[in-house]
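# Structural features, examined
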Amino acid sequence: MRNIQKKLVALGLTLVLSLSLFGAASAEPAVACEKPGDFTLTATPGNRSMALSWTPSAGADAYDVYYSPRAPFAAQNIQATSFTVTELRNGYIGYSFGIIAKNECGTTWSNSINQVATSATGAPAKPSIELNDNKLHTIGEFVIKWTIWNGNKATSGRLLENGQEVSLHYYEEIGNTSGQSGSWTFRRPPGTYTYQVELINPFGTVLSDTVTVVVP
C-alpha cells in the first residue's frame, strides 16, 4: 500500500512539473504599452479663423484640438491631421492652440502656438503718419497719428522715437471698415525728435515715413 502511495505522489509531482514547463514555454513576452510619439503643430491665420495642421503622431488613435481661452476643445477624437478653428476675434492676442494625440496607453501634447487671427493676407499696408501740434507751443504736447486707408491691416504697432521703441500697441479689428488708424500723445522737454511707426501682423512688417517734431 505504501508503495502505491509513493508512486501516486511521484506521478503527481511529474505532472505538476510538466505543466509548469509547458506554461513557461508557451507564454508570450509582454509588450510594453507606448503612448503616442512626438509631433509638431503649425498654424496659419485666416479671417476670424486659424488653420491648424500637424505631423502624424506615431501610434495615435485620435486627436483632440485644444485652444484657450475657450473651454477647452474645438474638436475631439478626430482622425485627420488638420482642423480649422472658426469664430475667432481678429487681432485678439489671447488665443493659444495645441493638439493632444492619444491612444489606450496615454496622451502626448504637441507644441503650443500663440497666434492672432486677421483679415490680412499679407504684410500691413504702408501707413501715412502725421503730427498734430495744436498744443505743442503752449504745453509741449503733441499727437502722432498713423492711418491705413486701404489694404492689409496690422495686429500690433510700435512707435519709434529717435530710432528707439517707446510704445507698443495691439489692435483688434472692429467691424468691417476698410481702414485702420492709431495715435500716441506725448509731452517732451525742448528738443528735436523724430518718429516712425512700425506696423506688424502675422505676415510681415512695414515702416512708415518719419516725422520730425521740434519742441520749443
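Reference entry: report on the structure contained in this document. Computed from a predicted model, the values in this text were never measured in an experiment.

## Re the sheet that holds strand S2 (residues 49–54)
Taken in spatial order, the 3 strands line up as S1-S2-S5 in an open sheet, and their pairing is antiparallel. Each edge of the sheet is formed by a strand with only one pairing partner; in this case those strands are strand S1 (41–46) and strand S5 (82–85). Taking each pair of neighbouring strands and ignoring which way they run, the sheet shows an average axis angle of 20°. Judged from the 6 bridges that link them, S1 and S2 form a sheet pairing that is antiparallel.

## Let's talk about the pairing of S2
Where S1 folds back on S2, the antiparallel hairpin that results is connected by 2 residues, among which Arg-48 adopts a positive phi of roughly 60°. Where S2 meets S5, 4 bridges bridge the pair, whose relative direction is antiparallel. Pairing of Leu-52 across the sheet is with Phe-83, part of S5.

## Description of the sheet that holds strand S13 (residues 180–187)
Pairing within the open sheet is antiparallel, and its 3 strands lie in the order S9-S10-S13. One side of each edge strand has no neighbouring strand; the edge strands of this open sheet are strand S9 (128–132) and S13. Along the sheet, successive strands turn relative to each other by an average axial angle of 20°, direction set aside. When S9 meets strand S10 (residues 141–148), the two strands line up antiparallel, connected through 5 bridges. Residue Ile-129 lies in a different strand from S10, and its bridge partner there is Trp-146.

## Remarks on the environment of Leu-199
With respect to the element layout, Leu-199 can be found in strand S14 (residues 191–201). Here Leu-199 falls in the buried class, since its relative accessible area comes to 0%. Counting along the chain gives 51 residues from Leu-199 to Ile-148, while the straight-line C-alpha distance between them is 10.0 Å. Apart from residues lying up to four places away in sequence, Leu-199 is in contact with Pro-124, Ala-125, Pro-127, Trp-146, Ile-148, Ala-154, Ser-156, Gly-157, Gly-204, Thr-205 and Val-206.

Criteria and thresholds
Residues numbered from 1 in each chain as written. Predicted model: local features only at pLDDT ≥ 70, side-chain atom pairs only at ≥ 80, totals over all residues. Heavy atoms only, no water. Pairing = 2+ DSSP bridges. Helix = DSSP H or I, 4+ residues; strand = E, 2+ residues; numbered from the N terminus. Axes fitted to C-alpha atoms, helices over the stretch in contact; angles between N-to-C directions. Buried < 20%, exposed > 50% of the residue type's maximum accessible area, 1.4 Å probe, protein only. Contact = heavy atoms within 4.5 Å.

Read these as geometric descriptors, not functional statements.
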